[in-house]
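As a plain string of letters, each chain reads:
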Amino acid sequence: MRLTHSLSLLFCGLSLSQSAPAIDDRNETIRFATFNIAMGLESEGELYKRLESGEDPALRKVAAVIQKVRPDVLLLNEFDSFELDSALLFINNYLDKPQSGNAAIDYAHALNGAVNTGADSGMDLNGNGKLGEPEDAWGFGRFPGQYGMMVLSRYPLKLQRSFRMFKWSDMPDARVPLNPDGSHWYPEAISKQLRLSSKNHWDIEVTIDGQTIHFLASHPTPPVFDGPEDRNGARNHDEIRLWADYVDPARSAYIYDDSGIQGGLPGNAKFIIAGDLNADPVDGDSSVNAIGQLLDHPKINAGCVPLSDGSEEASREQGGKNLQQQGNPASDTGDFNDKYTGNMRIDYVLPSATLDVAGCGVFWPASNQEGHDLTDVSDHHLVWLDINL
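First things first, this report covers the structure right here in the doc. (Residues numbered from 1 in each chain as written. Predicted model: local features only at pLDDT ≥ 70, side-chain atom pairs only at ≥ 80, totals over all residues. Heavy atoms only, no water.)

1. Points about the side chain of His 237
Then step 1. Residue position: His 237 is located in helix α5 (residues 231-246).
Then step 2. The residues contacting His 237, other than those within four sequence positions of it, are Arg 175, Ser 287, Val 288, Asn 289, Ala 290 and Gln 293. (Helix = DSSP H or I, 4+ residues; strand = E, 2+ residues; numbered from the N terminus. Contact = heavy atoms within 4.5 Å.)

Structure, rendered in C-alpha cells:
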C-alpha cells in the first residue's frame, strides 16, 4: 500500500499494535533518544527505494545501532519522505530483522509529517536574484521533505501541536539578521512571511502507563552557510528559543500552532526536548548562548551530560580543529571536518525538571569497544536518556 497526500497537510501516524508494553517490562525505566541518521539524500524517492530493498548497507547499520541501544521512544532526524509506508518499510524491512548480531526491535507506533525543507516559498530568500533554488525554500531542501523527521515508539503517540507555519517576525525581540551598515538583511516583504522553523517543531504526546510526556522534536538550521549577517545563526538561536519559551507559561503567550491555538505547556508538564539542535555549548559558530537557553533553563534538568569513550578518542586522534576547542571532547555527539569544524556536542535529549533522570549517554564506542564498526554510518551519534516513571 502506497499512500500519497499533499505534504502541506500530511501528518501520518501508525499503530501496529493496540497494546503497549507495561513499564514493569523495563523496570520502570524508559529510554528516549535522538539520532540524526544523515539520510537526507540528493534525489526525491531515493530513500523509499533503499527502504524497499531491505538490503541497504547504511540503513542496516542505522537499524543495528537502534537495536543495540534499544530506545523506547526515538526521534530520527534527516529521514526523507513523509509517507506512512516509509515508516512501515523501515520497521518491517530493517528493525524487525536482526542486524549485525543484534536482536530485532519492535516499534508499535510511528509518526512523521510535513516539514518546511524543500517547500518553495516563491520568494528570493537568499537574495541572489533567482527563484526556486534550494535556499529559497522555507527550509533549505532540494525537494519537499528532504531532511525530514520521524518518531518511533513502543508507546502510543499523538501529534498534539505543530509549529511549521509560525512566522519568525511574530517572536517578540527576535534576532534580526543585519547588514554591516545596520539595515535589515531580509527585505520587509520577506521578513514578514519567513517561517521560523526550518523543518518543524512538534509537540508529541507519549502515553506511558497513563502518564503523558510531551516529546518536543525539532531540527534547527545549522548556524553556518551564510554571511556576516548571520541569518542562519540567528534563525538557529530563535528555533531553539521557541522551545525555551514554549515550556515556560510566563513566556509562551505569543506562540501559536498550525491550528491557530496560542500558548505553550502548563507549568507542571512533563516534557523531553530532543533533536539535532546544531548548537554546541562552547565551540562552533552558533549565536551566543543559543543552546544555553535550554541548558540553563530553570524548567529543564540538563545535569546529566551524555559522554562516550569514542568521542574522546576521536578528538585526540583526529587532532586539527579539535585541539583548539574548549568543550569536553567526551560530550561530543557529531564527528565533523577536523580542518574547519571539529567535533561538537549538537544532539540533545533534555528532560523537564519534573522528571526523574536515571542516566544518559552517547553511542560512540571507542575502537576497542563493541559496536565501533557501526559508528561511521552517520556524522552524528545516537544520544539517549533514561528516566524513571
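2. Some details on the sheet that holds strand β6 (residues 157-162)
Then step 1. Ordered by their spatial adjacency, five strands build an open sheet running β6-β7-β8-β9-β10, and the pairing between neighbours is mixed. The sheet is open, and its two borders are formed by β6 and β10 (347-351), each paired with just one other strand. Averaged over neighbouring strand pairs, the angle between their axes works out to 20° when direction is ignored.
Then step 2. Relative to strand β8 (residues 211-218), strand β7 (residues 201-208) runs antiparallel, the two being bridged by eight bridges. Within the sheet, the bridge partner assigned to Ile 204 lies in β8 and is Phe 215. (Pairing = 2+ DSSP bridges. Axes fitted to C-alpha atoms, helices over the stretch in contact; angles between N-to-C directions.)

3. Some remarks on the packing of helix α1 (residues 46-53) against helix α3 (residues 84-95)
Then step 1. It is the contact of α1 with α3, at a shortest axis distance of 8 Å, that shows an interaxial angle of 35°. Handedness of the α1/α3 crossing: left-handed. Along its contact with α1, which presents Tyr 48, Arg 50, Leu 51, Glu 52 and Ser 53, the element α3 presents Asp 85, Ser 86, Leu 89, Phe 90, Asn 93 and Tyr 94.
Then step 2. Taken together, the residues of the contact of α1 with α3 sort by class into five nonpolar, three polar and three charged. (Left-handed = near helix turned anticlockwise from the far one by under 90°. Nonpolar A, V, L, I, M, F, W, Y, C, P; charged D, E, K, R; others polar.)

4. Describing the packing of helix α2 (residues 57-69) against α3
Then step 1. Look at α2 against α3: their axes get within 10 Å of each other, and the N-to-C directions meet at 80°. The orientation of α2 with respect to α3, classified from their angle, is roughly perpendicular. Contact residues: α2 offers Leu 59, Arg 60, Val 62, Ala 63, Ile 66 and Gln 67, while α3 offers Phe 90, Tyr 94 and Leu 95. (Parallel < 35°, antiparallel > 145°, perpendicular 65-115°, else oblique.)

5. Observations regarding helix α7 (residues 309-318)
Then step 1. For α7, every residue scored as buried is listed here: Gly 310, Ser 311, Glu 313, Ala 314 and Ser 315.
Then step 2. Just past α7, the residue Gly 319 takes up positive phi, approximately 60°. (Buried < 20%, exposed > 50% of the residue type's maximum accessible area, 1.4 Å probe, protein only.)

6. Considerations on the environment of Tyr 48
Then step 1. Note that Tyr 48 resides in helix α1.
Then step 2. Measuring from C-alpha to C-alpha, the distance between Tyr 48 and Phe 90 comes to 9.3 Å, with 42 residues separating the pair along the chain.

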